[in-house]
Amino acid sequence: MTTTTSPRVLEHPTRDQIRLEEVLHALADAVRLQIVRDMAREDTELSCSYFDLPVTKSTTTHHFRVLRESGVIRQMYQGTTKLNCLRRSDLDALFPGLLDSVLSAAGAQAGREEGTA
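Note that this is a predicted model, so its numbers are computed, not measured. (Residues numbered from 1 in each chain as written. Predicted model: local features only at pLDDT ≥ 70, side-chain atom pairs only at ≥ 80, totals over all residues. Heavy atoms only, no water.)

A. Region of the structure containing the side chain of S47. Assignment of secondary structure puts S47 in strand 1 (residues 46–47). The exposure class of S47 is buried, given its relative accessible area of 18%. A distance of 3.0 Å separates a polar atom in the side chain of S47 from a polar atom in the side chain of S49. (Helix = DSSP H or I, 4+ residues; strand = E, 2+ residues; numbered from the N terminus. Buried < 20%, exposed > 50% of the residue type's maximum accessible area, 1.4 Å probe, protein only. Polar contact = N/O pair within 3.5 Å; in protein donor to acceptor, adjacent residues only side chain to side chain.)

As structure tokens, then:
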């Protein structure tokens, strides 16, 4: 008997389902904001293991789920690897300038914090 396994598919909001308050909530956490900054900088699909985060694996999973469910990122499986990409085109179409403004402000804040260390 041959069994086929269906590819694992993760739920994502459609572009029309993405809500500003959920995006802002997702970006309001320092760890999630760092994930988004890294994704924007690399501008490619990244595996979860790419990120060096100061939290446990289960907490990392939670942060990626919040980002996915808010519509900030898209996750897909490639074999056993879960890849993540920023939904920049969706966010830019819905909220022009928001992502760039948040990323710019986060970069400026990081620069200030490095300057005081």
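The structure having been displayed, the exposition proceeds.
B. Up close: unusual backbone geometry. Even without a glycine there, the phi angle at D43 is positive, about 50 degrees. For D43, the position within the fold is in the loop between helix 2 (30–42) and strand 1.

C. Inspection of the sheet that holds strand 1 at higher detail. The sheet built from three strands is open, its strands ordered 1-3-2 with antiparallel pairing. Edge positions in the open sheet fall to strand 1 and strand 2 (73–78), since each of these has one partner strand only. In this sheet, strand 3 (residues 81–86) lies alongside strand 2 in antiparallel orientation, the contact comprising six bridges. Looking at strand 3, one finds that I73 is bridged to L86. Where helix 3 (residues 57–70) meets the sheet, its contacts fall on strand 2 and strand 3, and the angle it forms with strand 2 comes to roughly 115 degrees. (Pairing = 2+ DSSP bridges. Contact = heavy atoms within 4.5 Å. Axes fitted to C-alpha atoms, helices over the stretch in contact; angles between N-to-C directions.)

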